[in-house]
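Residue strings, one per chain:
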Amino acid sequence: MSNATAVDAADAKMDEFNPFQAMAKRFEVASDHLGLEPGVRDVLRTPDRELTVAIPVEMDDGSIRVFKGYRVQHNFLRGPCKGGIRFAPNVHLDEVRALAAWMTWKCSVVDVPFGGGKGGVICNPIELSTGELERITRRYTASILDILGPDRDVPAPDMNTNEQTMAWIMDTYSMHQRRTSTAVVTGKPLNLGGSRGRREATGRGVMISCREALKTMGLQPNETGVVVQGSGNVGGIGALLLHREGHRILSISDMYGAIYNEKGLDMPAVLAWLKDKGRLEGYPEADHLTSAEQLALECDVLIPAATENQIHSENVDQVKAKLIIEGANGPTTALADKVLEDRGVMVVPDILANAGGVTVSYFEWVQDRMGYFWTEEIVNSRLEQIMVGAFSEVYAKSKEHGVSMRTGAYIQAIERVVTVYRMRGIFA
Ligand code: NAD
């Protein structure tokens, strides 16, 4: 029996792989520390609005298919809802609910004036043409139009969506409004009201979180070997920036497997290979590993930057890293968390570690509304200031309450939302 399966009965009853339950579990622990009353917990836990839409689309071969889409607005006490849209075959409502709630806490941790939302469409982008993706995106946008808007809900990219997807959403929304409204989405192309530095922002935030965490452990970048799961926007760019800082990137993966070189990978060459071939497989000057073998590698830092539930009760005992930086949302289950905490592994939680993306999304929204655009240096230095400040606040909270960085981050986030809730009260 692994350590994780020996935890208390309440944990054992939980569905370990349900992201919304995982979020609720962390929320409860932090709420206990804050002594929150049950009614307030209910208000903050419950998503404010959940929309499910049917998306009929004419396919390239003339047939018609109906896709299913969701948009969940978890909480808008601190401002418009903010959160990405994910296209994937396994999207489900509890996942979107969890991701929306994590956005509420994430925006609060970095103190940007947004609430939390998230969207998803059940589809397999690999099997769809660009035209089909465009028609899905536009019809999905039209179906959720009534709850979108720069002051209501501002989507962004997530897994399998990108700048082009955001341009289609912006255009669809604008055509219905009869005016160009760039601030309705972030993560847009630069010449459509995007922000400099947005594409790299989440990876940059991961790099900053890693640096700040290593400082608390007295470790230098050139002393650390890093393993990165996922090589997309977060993992690929995060690994490149860490490589530039002097870390040895021992291994990086995609959904088909991992590459490994104990001397350190040449990250610009790896990313050029990936861009050219579409997958890491076949990359020379590296051994090839399965995803499971990769997570068990000897390393100092592990950065899960792919998807949820990657470190769980069955594999947590094999994880050897001293530090985990959660680039992805929800990559560690609550059961695995407990084991890592007991072993003294530092975990910089998703709602802090990957908050660089939403921070620069906030900058993008501000720039769109001002109609005045900042230099990349200004964007990066403001991001740096916010990430370093948020890391130090969460670190201080975790020390003050004698808890993990994750619980510290939730305490910090919930406190800010509760303060606003008590000021605003219940509208009746
Ligand atoms: P992406 O689509 O750009 O990249 C995802 C990467 O993960 C790809 O390399 C893919 O091959 C890989 N992958 C998918 N499933 C995998 C698996 N089971 N095992 C190993 N690799 C796998 O997505 P992204 O934008 O980089 O997002 C990654 C994670 O980061 C998600 O959890 C997302 O919610 C989170 N996130 C993204 C942003 C952002 O700005 N893009 C911001 C905050 C959080």
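Residues numbered from 1 in each chain as written. Predicted model: local features only at pLDDT ≥ 70, side-chain atom pairs only at ≥ 80, totals over all residues. Heavy atoms only, no water.

(A) The arrangement of the sheet that holds strand β4 (residues 115-122) in detail. Reading across from one edge, β1-β2-β4-β3-β5 is the order of the five strands in this open sheet, with mixed pairing throughout. With one partner strand each, in any of the chains shown, β1 (49-58) and β5 (153-157) form the two edges of the open sheet. On average, adjacent strands in this sheet sit at an angle of 25° to one another, irrespective of strand direction. Two strands pair when backbone bridges link them, and strand β2 (residues 64-75) and β4 are joined in this way by seven bridges, in the antiparallel orientation. If you follow Gly69 over to β4, its bridge partner there is Val121. (Pairing = 2+ DSSP bridges. Helix = DSSP H or I, 4+ residues; strand = E, 2+ residues; numbered from the N terminus. Axes fitted to C-alpha atoms, helices over the stretch in contact; angles between N-to-C directions.)

(B) Molecular detail of the domain arrangement of the protein. The domain boundaries assigned to the protein delineate domain 1 (47-183) and domain 2 (199-353). Centre-to-centre separation of domain 1 and domain 2, based on C-alpha positions: 27 Å. Both faces combined, the contact of domain 1 with domain 2 buries some 910 Å², and carbon together with sulfur accounts for 56% of it. Joining domain 1 to domain 2, the criterion identifies two salt bridges. The partner of Arg199 in a salt bridge is Glu163, and the shortest N-O contact between them spans 2.9 Å. (Domains from an automatic or database assignment. Buried area = accessible area lost by both parts, 1.4 Å probe. Salt bridge = Lys/Arg side-chain N within 4 Å of Asp/Glu carboxyl O.)

(C) Looking closely at the site of the ligand. Surveying the vicinity of the ligand reveals 21 residues, the closest of which are Arg86, Asp158, Thr202, Ser231 and Asn329. In this structure, an oxygen atom belonging to the ligand sits 2.9 Å away from a main-chain N or O atom of Ser231. Between an oxygen atom of the ligand and a main-chain N or O atom of Gly232, the distance comes to 3.4 Å. For the ligand, the accessible surface in isolation is 830 Å², of which the surrounding protein chains cover 84%. (Near = heavy atom within 4 Å. Polar contact = N/O pair within 3.5 Å; in protein donor to acceptor, adjacent residues only side chain to side chain. Areas by Shrake-Rupley, 256 points an atom, 1.4 Å probe, with all protein chains shown as cover.)

(D) Structural view of a nonpolar patch on the surface. Together, Ile126, Met255 and Tyr256 make up an exposed nonpolar region whose accessible area comes to about 390 Å². Tracing the backbone through its elements, the reader meets Met255 in the loop between β7 (248-254) and β8 (257-260). (Patch = residues over 30% accessible without salt bridge, like charges linked within 9 Å, V, L, I, M, F, W, Y side chains within 5 Å.)

(E) View of the pattern of salt bridges. All chains considered together, the criterion is met by 35 salt bridges. The salt bridge partner of Lys322 is Asp300, with a shortest N-O separation of 2.4 Å. With a gap of 22 residues between them, Lys322 in the loop between β10 (301-304) and β11 (323-325) and Asp300 in the loop between α10 (291-295) and β10 connect regions that are remote in the sequence. What makes Lys322 partly exposed here is its relative accessible area of 41%. Several salt bridges converge on common partners, so that one network encompasses Arg26, Glu326, Asp337, Asp350 and Arg406. (Buried < 20%, exposed > 50% of the residue type's maximum accessible area, 1.4 Å probe, protein only.)

(F) Examining the sheet that holds β7 more closely. Sheet architecture is open: seven strands sit in the order β9-β8-β7-β6-β10-β11-β12, paired in mixed fashion. Lying at the two open borders of the sheet, with one neighbouring strand each, are β9 (287-289) and β12 (346-348). Shown here is a sheet whose adjacent strand axes are inclined to one another by a mean of 20°, direction ignored. Alignment of β8 against β9, held across three bridges, turns out to be antiparallel. Counterpart to Ala258 in the pairing with β9 is Leu289. Those strands touched by helix α7 (residues 198-217) are β10, β11 and β12, and its axis lies near 160° from that of β11. (Contact = heavy atoms within 4.5 Å.)

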